[in-house]
Amino acid sequence: MSSSESSATDLKISVAQVGSSESTASSTPPLPADAIEFKMPAPKAPGSLLSAPVGRSEFGGKKKVALAPGFSHIHWMKFMQTLTPQMPQRITMEEVKKHNKPDDMWMVIRGRVYDVTAYVPYHPGGLKELMKGAGKDATRQFNAAHSFVNLDTMMERCFIGVLAT
Ligand code: HEM
């Protein structure tokens, strides 16, 4: 037997061994307990409220959730352009407070009021984080999580007014 025939046989055996020992369903690590809240149906269409993030990653100290397919930052920037810009209003905190649900979410950040409802399934920090600022002045939380996020570009079509003081 030549040396090349010998290695071909060896390769065949090792592939069979890898297949039998590693490709079992039980080798999949369990999801973290707090991933359960994001287990929702797959998205039906961009912007659908049924398209909440699935899974979670805390790699490298980050707390981002795994967004559903079709809900990346790029998808958001494209989808946002389909929204109708609103004529900015003066909005009271009393009014903002009424919009505190995943399917009707307003937020005050740096004195400006945003209707973030359409953005919910695209938020890399997930719904749970966004809910902390729903119907509130979320400036402090927003700055703590990501003061570098540019609202003028990302939320351009979600800007609905300035906070009445
Ligand atoms: C209009 C409102 C918001 C926008 C546009 C927005 C946008 C973003 C973006 C772009 C990221 C990814 C950042 C990165 O690449 O590292 C992110 C992550 C995150 N966001 Fe938001 N966000 C908003 C509101 C909030 C609020 C109100 C909170 C907290 C109450 C929050 C908490 C987080 C957290 C915890 C992360 C994960 C940060 C990490 O990976 O370390 N976000 N958000």
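Just so it is clear, the model here is predicted, and its values are computed rather than measured. (Residues numbered from 1 in each chain as written. Predicted model: local features only at pLDDT ≥ 70, side-chain atom pairs only at ≥ 80, totals over all residues.)

Participant: How would you summarise the confidence of the model for the protein chain if you had to cite specific residues and measurements?
Facilitator: In the predicted model, the protein chain carries a mean pLDDT of 80, and the fraction of residues at 70 or more is 63%. Every residue in residues 1-25 scores below 50 in pLDDT, and together they form 2 contacts with partners more than four places removed in sequence or on other chains. Counting contacts from residues 36-41, a segment whose pLDDT is below 50, to residues more than four positions away or on other chains yields 12 contacts. (pLDDT = per-residue confidence, 0-100. Contact = placed C-beta atoms within 7 Å.)

Participant: Describe the site of the ligand, with residues and values.
Facilitator: Looking at the ligand, there are 21 residues lining it, with Lys62, Gly125, Gly133, Gln141 and Ala145 nearest. Put simply, the parts of the chain that give the shell around the ligand at least two residues each are helix 4 (126-131) and helix 5 (139-146). Tallied by class, residues from the shell around the ligand come to 11 nonpolar, 5 polar and 5 charged. (Near = placed C-beta within 6 Å. Helix = DSSP H or I, 4+ residues; strand = E, 2+ residues; numbered from the N terminus. Nonpolar A, V, L, I, M, F, W, Y, C, P; charged D, E, K, R; others polar.)

Participant: Could you give an account of the sheet that holds strand 1 (residues 89-91), with specific residues and numbers?
Facilitator: Taken together, 5 strands build an open sheet; the order of strands is 1-5-4-3-2 and the sheet is mixed. Lying at the two open borders of the sheet, with one neighbouring strand each, are strand 1 and strand 2 (100-101). Where strand 1 and strand 5 (residues 159-163) come together, 3 bridges link them in parallel fashion. Of the residues in strand 5, the one forming a bridge with Ile91 is Leu163. (Pairing = 2+ DSSP bridges.)

Participant: Which residues make up the nonpolar core, and what values do they have?
Facilitator: Judged by nonpolar contacts, the single largest core of 22 residues is most densely connected at Met107, Tyr114 and Val116. When contributions to this core are tallied by element, the ones reaching two or more residues are strand 3 (104-109) and strand 4 (112-115). In contact with Val116, not counting residues within four places along its chain, are Met105, Met107, Leu130 and Cys158. (Core = buried A, V, L, I, M, F, W, Y, C linked by C-beta atoms within 7 Å. Buried ≥ 20, exposed ≤ 12 C-beta atoms within 10 Å, placed from the backbone.)

Participant: Describe in detail unusual backbone geometry, supporting the description with residues and values.
Facilitator: In this structure, Arg110 is a non-glycine residue whose phi angle is positive, near 55 degrees. The topology assignment puts Arg110 in the loop between strand 3 and strand 4. Its 12 C-beta neighbours within 10 Å are what place Arg110 among the exposed residues.

Participant: Let's hear about the pairing of strand 5: which residues, and what values?
Facilitator: Bridge analysis of strand 4 against strand 5 gives 3 bridges, and the strand direction is antiparallel. Bridging from a neighbouring strand, Val113 pairs with Gly161 of strand 5.

Participant: How would you summarise the environment of Arg140 if you had to cite specific residues and measurements?
Facilitator: Among the secondary structure elements, Arg140 is positioned in helix 5. By the C-beta count within 10 Å, which is 11 here, Arg140 ends up exposed. Counting along the chain gives 31 residues from Arg140 to Ile109, while the straight-line C-alpha distance between them is 8.3 Å.

Participant: Describe in detail the pairing of strand 4, supporting the description with residues and values.
Facilitator: Direction of pairing for strand 3 relative to strand 4: antiparallel, over a ladder of 4 bridges. Pairing of Ile109 across the sheet is with Arg112, part of strand 4. Turn length for the strand 3-strand 4 hairpin, with the two strands adjacent in sequence and antiparallel, is 2 residues, and the turn residue Arg110 shows positive phi of about 55 degrees.

Participant: Could you give an account of the environment of Leu163, with specific residues and numbers?
Facilitator: Tracing the chain through its elements places Leu163 in strand 5. Classification of Leu163 by C-beta neighbours within 10 Å gives partly exposed; the count is 17. Through-space distance from the C-alpha of Leu163 to that of Val96 is 8.8 Å; in sequence the pair is 67 residues apart. In contact with Leu163, other than residues within four places in its own chain, are Ile91, Met93, Val108, Gly111 and Val113.

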